[in-house]
Amino acid sequence: MGWFFASGLFTSPPVQVALVIGAVAATVSAVVGVLAMVRGLAFAGHALTDVAATGGSGAVLVGASPLGGFLGGALVGAGAIALAGHGPQQRRDVATGIVLSAATGLSALFLYLDATTNATTGVTQRVLFGSLFSASSSTVPVAIELGAATLLLTAVIARPLVLSSLSRELARARGIPVGVVSGVFLVTLAMAVGLSALTIGSLLSTALLVGPAAAAVRVTTRMSYALVIASGIGIVSTWLGITLAYDSYNWMPHHQSLPVSFFVVVDVVVAYGLCSLVAARRARGRRV
Amino acid sequence: MPDALSVEHLTVTLHGRTILDDVSFSIQPGEFTGLIGSNGVGKTTLLRAILGLQPYETGTISVNGEPRDLQHAAIGYVPQKIALDSDVPLRVIDFVTLGLDAERWGLRRRSAAQRDRVAALLEAVGGAHLATKRLSELSGGEQQRVFIAHALVREPSLLLLDEPLASLDPRNVQEIVALLHRLAHEHHVAILLSAHEMNALLPVMDRVVYLTGGHCASGPTNEVVQTDVLSALYGHHVDVLQVHGRVFVIAEPNDATDNLPEHPTLTVH
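Small disclaimer: the values here were computed from a predicted structure and weren't measured. (Residues numbered from 1 in each chain as written. Chains lettered and ligands numbered in written order. Predicted model: local features only at pLDDT ≥ 70, side-chain atom pairs only at ≥ 80, totals over all residues.)

**Here's the deal with the overall build of chain A**
Definition in use: In DSSP terms, a helix is any run of H or I states spanning at least four residues, a strand is any run of E spanning at least two, and both are numbered starting from the N terminus. To get the radius of gyration, use the C-alpha atoms; to get the globule rule, take the number of residues to the power 0.38 and multiply by 2.2 Å. Burial is judged by counting the other C-beta atoms within 10 Å of a residue's own C-beta: 20 or more makes it buried, 12 or fewer makes it exposed, and any count in between marks it as partly exposed, with every C-beta position built from the backbone. Distance between backbone-placed C-beta atoms decides contact: two residues are in contact if it is within 7 Å.
A count of helical and extended segments in chain A gives 11 helices and zero strands. The N-to-C order of helical and strand elements in chain A reads α-α-α-α-α-α-α-α-α-α-α. In terms of C-alpha radius of gyration, chain A reaches 19 Å, essentially the compact-globule figure of 19 Å for 288 residues. Taken over the C-alpha atoms alone, chain A extends approximately 60 × 55 × 30 Å along its principal axes. Across the 288 residues of chain A, 50% fall into the buried class. Pairs at least 24 apart in sequence give 75% of the contacts found in chain A among residues at least 6 apart.

See the structure below:
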């Protein structure tokens, strides 16, 4: 196995940081992602990534932590979605489109200023596509705490959230404060996007949110199994991605590591493909 | 014994239009009541008001003699058919279990007694074989059964159903009506079911709330579905005909300036 787990992989401090942050982000994203599937909100995650990119690039500009920027951006995006939640669908789509292009435009400005005035090299790559190996070890406890808080919040709202996702009326008739529940869920969605933006970059953060959850619900009808399977897919994809990125240093002629996010996204896509195959085989088995 | 449901002088205005105008009626425990009226007369608005989803100008709504807003647990609700994304990872049995206490925060282990109750209700609605199916894979009739089990699992004293028969084929209509009739007796739950066509309900309906033009007439079915009562309610002459145990409400064109044919317009309610 030495060829695969290259020497120094597990003793390298940046890799250890990456493995921990990656696992936390993957777990939170998978859990929130499964609930987003139930809620039909998987796509809202995409809207948050654009705003998270603006937050991340802005944070670099003022010298703040990228995680704070990602989270702040995603939370602002979640607030905007909650406000746009009222009113006709078409106006909502238009409003979302305009807000997102404004956010991306701001990202372009911030990233330009980052690169020119601060001479922060590789900042565009880092904010949009992530650079897990450059995460500082001081981020680890913050990520763990945020992850734990998000999972706790999700557990607290789980049942009211599921019922109000199935039928708003049914939930309101039971006295569930549907607005509060969906607001809290958007916060957990923003936390998940923020954490996975740190892992694989803001633009790709929905890969960890949507991919493992979508794969899991293909192969199980049970919510509890879906949560476990999605978390498993997320963690394995992230750790495998980290390992492959580390190994790629030895493959490349000029000895540079390929981006972690590339490998993670490939793993997630492969997992989704495998789960779809399993689901298709089962469906065929049932028909025969 | 207090009324299972009592609605007094209820007036609801939506966007400046009076939908319900001084509506009063009451339902006794264990009674099967049909809320009858054509589309758009305010049946759903009335149900929503009883559920606490629709604010109203004046009137009072009480459940078991208590103000309605303290009575979430006493009311079960079956909404119209809902469309679910096919990949929602939720089984029928999970959904019925959710009926126990979906409004509570946090996660909780289910007791053996709770699991037994869920299984017994699924059995009672004829849905035991659906338990491990995905909720999104159910047909219209199956979904109605499962939603009824979800609503009844915490033993409400009043069950509201919004047009549960509208999207069903005749066989399923008969089966669901018979099922509800049986459940009303077995679980001693008062049922208020909205429908635009009352014939399927005639064999089981103890009471009718007939809604038109914002007003209602209510009482035992054979006292309300009468030519004079419905004519007074509509404000013009209608005939009520009974043919082979079916009821037809026939309205005559009341506007002489209309070039309507001499034949009465037949509307089947």
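**Points about the overall build of chain B**
Per the secondary structure count, chain B includes seven helices and 13 strands. The globule rule puts the C-alpha radius of gyration for 269 residues at 18 Å, and the 20 Å found for chain B is close to it. The principal-axis extent of the C-alpha atoms belonging to chain B is close to 65 × 40 × 35 Å. Classification of the 269 residues of chain B by burial places 42% in the buried group. Restricting to contacts in chain B with at least 6 residues of sequence separation, those with at least 24 account for 64%.

**Notes on the nonpolar core**
The cut-off we apply is this: Residues enter a nonpolar core if they are buried, belong to Ala, Val, Leu, Ile, Met, Phe, Trp, Tyr or Cys, and are joined to the set through C-beta atoms within 7 Å. Each domain's extent was defined by an automatic or database domain assignment.
Core analysis: the biggest nonpolar cluster contains 171 residues, and Val34 and Leu189 of chain A have the highest contact counts within it. Residues from two domains meet in this core; each of domain 1 (5-225) and domain 2 (226-269) of chain B gives at least three. Aside from chain neighbours lying at most four places away, what touches leucine 189 of chain A is Val32, Ala36, Ala44, Gly45, Leu48 and Ala78 of chain A.

**Concerning the sheet that holds strand 3 (residues 32-36) of chain B**
Residue and element names in this part refer to chain B. Using the following cut-off: Here, a strand pair is defined by DSSP locating no fewer than two bridges between the strands. Between the N-to-C directions of two axes lies an angle of 0 to 180 degrees, each axis being a line fitted to C-alpha atoms and, for a helix, fitted only over the stretch in contact.
Strand order in this open sheet of six strands is 6-7-8-3-9-10, and the pairing throughout is mixed. Looking at the sheet topology across the chains shown, the edges are occupied by strand 6 (75-78) and strand 10 (215-220). In this sheet, neighbouring strand axes are inclined to one another by 15° on average, regardless of whether the strands run parallel or antiparallel. Here four bridges tie strand 3 to strand 9 (residues 207-212), and the two strands are oriented parallel to one another.

**Let's talk about the pairing of strand 10 of chain B**
All names here are of chain B. Across six bridges, strand 9 lies against strand 10 in antiparallel orientation. Within strand 10, the residue paired with leucine 211 across the bridge is cysteine 216. Once strand 9 ends, the chain turns through two residues before running back antiparallel as strand 10, passing glycine 213 with a positive phi of about 55°.

**Things to note about the environment of leucine 193 of chain B**
Residues and elements named next belong to chain B. Summarising the element assignment, leucine 193 is placed in strand 8 (residues 190-195). By the C-beta count within 10 Å, which is 26 here, leucine 193 ends up buried. C-alpha separation for the pair leucine 193 and arginine 91, spaced 102 residues apart in sequence, amounts to 26 Å. Not counting the four nearest positions on each side in its chain, leucine 193 is found in contact with Gly34, Leu35, Leu161, Pro164 and Leu180.

**Examining the confidence of the model for chain B**
Residues and elements named next belong to chain B. Rules: A score between 0 and 100, pLDDT records how confident the predictor is in each residue.
Confidence in the prediction for chain B averages 88 pLDDT; 93% of positions are at 70 or higher. Of all the helices and strands in chain B, strand 13 (residues 265-267) carries the lowest mean pLDDT, 47, while strand 7 (residues 158-161) carries the highest, 97. Long-range and interchain partners of residues 256-266, a stretch whose pLDDT sits below 50, account for eight contacts in this model, where long-range means more than four residues apart. Two numbers describe this predicted complex: its pTM, 0.90, and its ipTM, 0.88.

**Points about the domain arrangement of chain B**
Reports of interface size often rely on the accessible area that becomes lost once the parts have come together. Residue and element names in this part refer to chain B. Counted only if it meets this: Basically, the charged four are Asp, Glu, Lys and Arg, the nonpolar ten are Ala, Val, Leu, Ile, Met, Phe, Trp, Tyr, Cys and Pro, and anything else, Gly included, counts as polar.
Under the domain assignment used here, chain B contains domain 1 (5-225) and domain 2 (226-269). For domain 1 and domain 2, the distance between their C-alpha centroids amounts to 29 Å. Listed per partner, the contact involves 14 residues of domain 1 and 12 residues of domain 2. Breaking the side of domain 1 that touches domain 2 down by element, the ones donating at least two residues are strand 9, strand 10 and helix 6 (221-224). Here the side of domain 1 that touches domain 2 is composed, by residue class, of seven nonpolar, five polar and two charged.

**Points about unusual backbone geometry**
All names here are of chain B. Not every positive phi belongs to a glycine, and histidine 15 is a case in point at roughly 50°. With respect to the secondary-structure elements, histidine 15 resides in the loop between strand 1 (5-14) and strand 2 (17-27). A positive phi angle, near 55°, is found at asparagine 64, a position not held by glycine. Examined against the element boundaries, asparagine 64 turns out to sit in the loop between strand 4 (58-63) and strand 5 (66-67). On the neighbour-count criterion, asparagine 64 (19 C-beta atoms within 10 Å) is partly exposed.

**Some thoughts on the sheet that holds strand 1 of chain B**
Hydrogen bonds along the backbone pair up the strands of a sheet, which may run parallel or antiparallel. Residues and elements named next belong to chain B. One open sheet holds the four strands; their spatial order is 2-1-4-5, and the pairing between them is antiparallel. Single-partner strands in this sheet number two, and they are strand 2 and strand 5. Relative to strand 5, strand 4 is paired through two bridges, and the arrangement is antiparallel. Across the sheet, serine 62 pairs through a bridge with proline 67, a residue of strand 5.

**Points about the pairing of strand 3 of chain B**
All names here are of chain B. Among the five residues that make up strand 3, five are buried, leaving the element largely enclosed by the rest of the structure. Residues of strand 3 alternate between two faces, with Phe32, Gly34 and Ile36 on one and Thr33 and Leu35 on the opposite face, all of them buried. Bridge count between strand 3 and strand 8: five bridges; the pairing is parallel. Bridged to phenylalanine 32 within strand 8 is isoleucine 191.

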